[in-house]
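# Structure at a glance
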Amino acid sequence: MAKQDVELKFSLIDGVSRSLAAIQQGVSGLGASLVKINAAAELTGKAFGAISDVAGAFGSAITGAASVEDALTRVNSITNATVEEQKALQDAVRGAVEGTRFSAEEAAGALVLLAEDGFSAKEAVDQLGSVLQFAQANAQSAAAATGALGAVLDTFGEKPAVIGALADTLTAVARGAGTSTKALQEGLAGVGNAADQAGISLNDTIGYLGLLASRGIEGGAAVGNFNKIIREIEDPASKAGQALATLGLQGADFATVLNRLGKDSVAAETVLSALGRKPREALRVLLTEGGGDLGKFAGIIKQATGATKDASDALNNTFAGALARISNQLEQTRNDLLTPILAPLATE
């Protein structure tokens, strides 16, 4: 099966390459008038006739190649990319097409979003693969995954280099909790600011949300309850804050509070009784087994490296994954050939 897949891929790519190369000379001499562009479209439409279902028509090819070129030009402009970095950006798109189901247009679009989020050209190149693997592994669009991961980094003040580790952590915790990465991302969007202000780390926040999700508390319920717990514990004037003061925990960080309450059931009840019913239920989950369940998620996070790639690769190895990658690689080959072909048209 694998050998047949490879043979089919290269056979199709070779067919597209030879068809396009054959018309390159004729197209390069055409002007940018509508009549001449239509003539080019007709010529190329014939060349692609035998494999139109895979490679698409010339009109779509032009649009696709132009979209990728525009996106990379925007990235170059935003990041002030050097000549070497511009080449690396192009190679990153090709690598993404080969390694995931995403098209060159989607990969280039993700690069734009990363650049707009403050990534340098090198950082965008280095992290594109991780972002797209995360999107593929978790059934998200390239744009949605890129935007969501970037927003989490911004909320917690994390550097671009962390985005790959964030993707792995979300993927691993979601699997361990029996929930979706989308639910965890929504949770982070809702509690991120409060957690960051309370000094709760990104990984700890993901672990807390994962544990809550494993007990059926996720989405809006997780956000509301977690925010309420943080506010009450952080506020010395609240009933929970006053209870913590009697325990000598006033001003203690969130992890220290949980650690103490998890090991002292009497102290825990003092604080729990000061909370409303739903926040109390959520905090009780975080304290389950003396904080032992939290420890399980801490272990999941420590071993999360590679979780996203493994999940993404598993999807690549399905028949649908193979077809998608073949189609996208044909499109990339077509784009590579069309870019120099279209250059004379752009100058007229």
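Residues numbered from 1 in each chain as written. Predicted model: local features only at pLDDT ≥ 70, side-chain atom pairs only at ≥ 80, totals over all residues. Heavy atoms only, no water.

## A few points about helix α8 (residues 142–156)
The condition is simple: Numbering of helices and strands runs from the N terminus, with a helix taken as a DSSP run of H or I at least four residues long and a strand as a DSSP run of E at least two residues long. Expected helix span is computed as 1.5 Å times (number of residues minus one). Exposure is judged per residue with a 1.4 Å probe applied to protein chains only, and the accessible area is read against the type maximum: over 50% gives exposed, under 20% gives buried, and values in between give partly exposed. The arc in question is formed by the directions pointing from the helix axis toward the C-beta atoms. We call two residues contacting when some pair of their heavy atoms lies within 4.5 Å.
The terminal C-alpha atoms of α8, which comprises 15 residues, lie 22 Å apart, in line with the 21 Å expected from a rise of 1.5 Å per residue. Residues of α8 that are buried include every one of Ala142, Ala145, Thr146, Leu149, Gly150, Val152, Leu153 and Phe156, and no others. With its buried residues spanning 155 degrees around the axis, α8 presents them on a single face. On the buried face of α8, the contacting elements are α6 (104–116), α7 (121–137), α9 (163–177), α10 (181–197) and α11 (202–214). Positive phi shows up at glycine 157, right after α8, with a value of about 65 degrees.

## Focus on the environment of glycine 219
Among the secondary structure elements, glycine 219 is positioned in the loop between α11 and α12 (220–234). By relative accessible area, glycine 219 is classed as partly exposed at 23%. Along the chain, glycine 219 and glycine 187 lie 32 residues apart, while their C-alpha atoms are 6.0 Å from each other.

## Some words on the pattern of salt bridges
Stated formally: Only one rule defines a salt bridge in this text: a Lys or Arg side-chain nitrogen within 4 Å of an Asp or Glu carboxyl oxygen.
Considering all chains together, one arrives at eleven salt bridges under this definition. A salt bridge links aspartate 313 to lysine 309; the nearest nitrogen and oxygen atoms lie 2.6 Å apart. Of this pair, aspartate 313 and lysine 309 both sit in helix α18 (residues 307–316), four residues apart, roughly one helical turn. The class for aspartate 313 is partly exposed, based on a relative accessible area of 24%.

## Concerning the side chain of aspartate 168
Going by this rule: For this count, His and the chain ends are skipped, Lys and Arg are scored as positive, and Asp and Glu as negative.
Within the secondary structure, aspartate 168 is located in helix α9. This buried residue, aspartate 168, is left without a salt bridge; arginine 175 holds the nearest opposite charge, at 9.9 Å. If sequence neighbours within four positions are ignored, aspartate 168 has contacts with Ala304, Thr305, Gly306, Ala307, Thr308 and Lys309.

## What about the packing of α7 against α8?
Rules: Angles run from 0 to 180 degrees between N-to-C directions of axes, and those axes are lines fitted to C-alpha atoms, restricted for helices to the stretch in contact. Take the far helix as the reference: if the near one is turned anticlockwise from it by less than a right angle, the crossing is left-handed, and if turned clockwise, right-handed.
Contact geometry of α7 with α8 gives a least axis separation of 9 Å together with a crossing angle of 115 degrees. Between α7 and α8 lies a crossing whose hand is right-handed. Along the contact surface, α7 presents Val131, Leu132, Phe134 and Ala135, while α8 presents Ala142, Ala145, Thr146 and Leu149.

## Overview of the side chain of glutamate 232
If you trace the backbone, glutamate 232 turns up in helix α12. In this structure glutamate 232 touches Ser238, Lys239, Ala240, Gly241 and Leu275, once residues within four positions along its chain are discounted.

## Remarks on the nonpolar core
Heads up, the condition is: Throughout this description, the term nonpolar core refers to a set of buried Ala, Val, Leu, Ile, Met, Phe, Trp, Tyr and Cys residues connected via side-chain atoms within 4.5 Å.
Among the nonpolar cores identified, the biggest contains 82 residues, and Phe254 and Leu283 are the most heavily contacted of them. With eight residues, α6 is the largest single contributor of residues to this core. Among all residues touching phenylalanine 254, those that are not within four sequence positions of it are Ile200, Tyr208, Phe226, Ile229, Ile230 and Ile233.

## Quick word on α9
Here α9 contains 15 residues, and its C-alpha end-to-end distance of 21 Å stays within 8% of the 21 Å for a straight helix at 1.5 Å per residue. All buried positions along α9 are accounted for by Ile163, Gly164, Leu166, Ala167, Asp168, Thr169, Leu170, Thr171, Ala172, Val173, Ala174 and Ala177. Immediately beyond the C-terminal end of α9, within one or two residues, lies glycine 178, with a positive phi of roughly 70 degrees.

## Thoughts on the confidence of the model for the protein
Basically, it comes down to this: Think of pLDDT as the predictor's per-residue confidence, scored from 0 to 100.
Of the residues in the protein, 71% have a pLDDT of 70 or more, and the chain-wide mean is 81. In this model, residues 5–37 is a region of pLDDT below 50 whose contacts with residues beyond four sequence positions or in other chains number 47 contacts. Predicted confidence for residues 46–59 stays below pLDDT 50, and this span has 22 contacts to residues more than four positions away or in other chains.

## Quick word on the packing of aromatic side chains
We count it as follows: Stacked, tilted and edge-to-face are the three classes applied to pairs of Phe, Tyr and Trp rings, where Trp contributes its six-membered ring and a pair requires centres within 6.5 Å; stacked means planes under 30 degrees apart, edge-to-face means over 60, and tilted covers the rest.
Throughout the structure, instances matching the rule amount to three aromatic pairs. A ring pair is formed by tyrosine 208 and phenylalanine 254, whose centres lie 5.4 Å apart and whose planes are at 65 degrees; its orientation type is edge-to-face. On the criterion of sequence distance, the pair formed by tyrosine 208 in helix α11 and phenylalanine 254 in helix α14 (residues 254–263) is long-range, its members being 46 residues apart. By relative accessible area, which is 6% here, tyrosine 208 ends up buried. Joined through ring pairs, the aromatic side chains of Tyr208, Phe226 and Phe254 make up one cluster.

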